[in-house]
Amino acid sequence: MHQMTLAEIARGLADKKFSSEELTKVLLARIAQLDPQLNSFISLTEDLALQQAKAADARRANGESGALLGAPIAHKDLFCTQGIRTSCGSKMLDNFKAPYDATVVAKLAAAGAVTLGKTNMDEFAMGSANESSYYGAVKNPWNLEHVPGGSSGGSAAAVAARLLPAATATDTGGSIRQPAAFTNLTGLKPTYGRVSRWGMIAYASSLDQGGPLARTAEDCAILLQGMAGFDANDSTSIDEPVPDYSASLNSSLQGLRIGVPKEYFSAGLDPRIAELIHNSIKALEKLGAVIKEISLPNMQHAIPAYYVIAPAEASSNLSRFDGVRFGYRCEEPKNLIDLYKRSRGEGFGPEVQRRIMVGAYALSAGYYDAYYLKAQKIRRLVKNDFMAAFNEVDIILGPTTPNPAWKLGAKNSDPVAAYLEDVYTITANLAGLPGLSMPAGFVDGLPVGVQLLAPYFQEGRLLNVAHQYQLNTDWHTRTPTGF
Ligand code: GLN
């Protein structure tokens, strides 16, 4: 049962082969048995899950249908869930029970999805390895000595290990696509503004975007359908109709123009990954796509720009965690300043503190023009590169990451080494574009992802290309040994 995709579950439930309650019990038992090896969950919500599953079964018995009605999922632990701990992977929010549901959570619940729990993540979504979580590192089911990627490492490990078919995640600089690549999943970061950020604890508000992590493009289409749409509560939500993502999966790729940026194949890329990416290009050519070399000349400036803008926004967003209103409060503060200092000093982990310091520095008088403003100018140049490229091509293709998943602890002493691994993913966030990662093969037994980028609001095109690719390849069907 645990091998089923969301699409297969929807068919099985519709055909009354099993009930949502039965499936939920099977998956909860599987989580209890296997998750101790992975640490992919921060909280389990068994009671809620069984209650939602029974309600979904009752709705089906009353003649209702829907791809998500009775489908088990989990939420990254930065989506607020009413009455349930929403920790953001931090000691700061270990005691925080959200007073309301995030829009994404409410929408999926209304569609009948069943929440099994809240998944582990890098603290405040800062990281690429899921090692900065207050609740401990998550292990990659493909090799338990390696990281699953981050910051959505818990969602990725759980779905890859078949503990559940799909999960929500967020992507500020790659945190959906990179863990998808590291665990052999399909993950989609939507256009900025496509999925509501209301109730999604902010890291860098102008870059953050929620999206689906699943095993197939078909399942990403189903989950995205339930997440996307205008929300008046999010001032950057865009009032654009949501297309039927499943309806466009089978369009032909004949004549599709795929741009391959020459900058993506530079020295930093593992040559074995380059070879797998070229294989996926050949597979798409066979389906009728036309390949064109393009250039994104400002890509080299993206990492420094991102690592100024994201910490700058984080330093501002995280100022609300002051020990006064909610979250962690230090013991016996001497006065107000001591309360602020110790609550924040004890509540935030080292990576979060580092970023608050960097961000506050970049925004301070005298340095603002040199760093923050400069980074914003680079951001515009990165966007302009994409706009020029999309005049010539329909999709941009390249590797998702320069290397496969590294060993646990390998980059702990050198944060910049980890930042450099984000080179292919952060440009989509800077420009606000949608991006998808899908399985492209293995290097030393570890999964490799191929990334597709599309113009604004062309999530349907990304899912269509990925689905056609998956009909003609079988990388996405591979299961990690032991799971
Ligand atoms: N690795 C990037 C960072 O640490 C991206 C994280 C994310 O997308 N949430 O900022």
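Worth saying up front: this structure is predicted, and the values here are computed from it rather than measured. (Residues numbered from 1 in each chain as written. Predicted model: local features only at pLDDT ≥ 70, side-chain atom pairs only at ≥ 80, totals over all residues. Heavy atoms only, no water.)

Moving on, we get to the side chain of serine 133. Along the polypeptide, serine 133 turns up in the loop between strand 3 (114–119) and helix 5 (153–160). Separated by 2.7 Å, the side chains of serine 133 and asparagine 120 make a polar contact. A polar atom in the side chain of serine 133 sits 2.9 Å from the backbone nitrogen of tyrosine 135. When residues no more than four places from it in sequence are discounted, the contact partners of serine 133 are Gly89, Asn120, Met121, Asp122 and Glu123. (Helix = DSSP H or I, 4+ residues; strand = E, 2+ residues; numbered from the N terminus. Polar contact = N/O pair within 3.5 Å; in protein donor to acceptor, adjacent residues only side chain to side chain. Contact = heavy atoms within 4.5 Å.)

The subject of this paragraph is the pattern of salt bridges. Enumeration according to the criterion identifies 19 salt bridges in this entry. Salt-bridge contacts for lysine 118 lead to aspartate 77; the nearest nitrogen and oxygen are separated by 2.8 Å. Of the two residues, lysine 118 sits in strand 3 while aspartate 77 sits in the loop between strand 2 (72–76) and helix 4 (103–110), which places them 41 residues apart along the sequence. Like lysine 118, the residue aspartate 77 is buried in the burial classification. Within the structure, one salt-bridge network assembled from shared partners comprises Asp270, Arg272 and Asp444. (Salt bridge = Lys/Arg side-chain N within 4 Å of Asp/Glu carboxyl O. Buried < 20%, exposed > 50% of the residue type's maximum accessible area, 1.4 Å probe, protein only.)

Another point: the packing of aromatic side chains. Both the distance between ring centres and the angle between the ring planes are used here to describe each pair of aromatic rings. Considering all chains together, one arrives at 18 aromatic pairs under this definition. Ring centres of tyrosine 306 and tyrosine 307 lie 4.7 Å apart, and the angle between their planes is 80°; this geometry places the pair in the edge-to-face category. Ring geometry for phenylalanine 386 versus phenylalanine 390: centroids 6.4 Å apart, planes at 20°, classification stacked. Comparing phenylalanine 386 with phenylalanine 390, the two get one shared label, buried. These aromatic residues form a ring-pair network of at least three members: Phe96, Phe124, Phe321, Phe326 and Phe348. Just above the ring of tyrosine 328 sits the side chain of lysine 91; from NZ or CZ to the centre is 4.9 Å. If you follow lysine 411 out to its NZ or CZ, it ends over the ring of tryptophan 406, 5.0 Å from the centre. (Phe/Tyr/Trp six-rings, centres within 6.5 Å; stacked < 30°, edge-to-face > 60°. Lys NZ or Arg CZ within 6 Å of the ring centre and 35° of its normal.)

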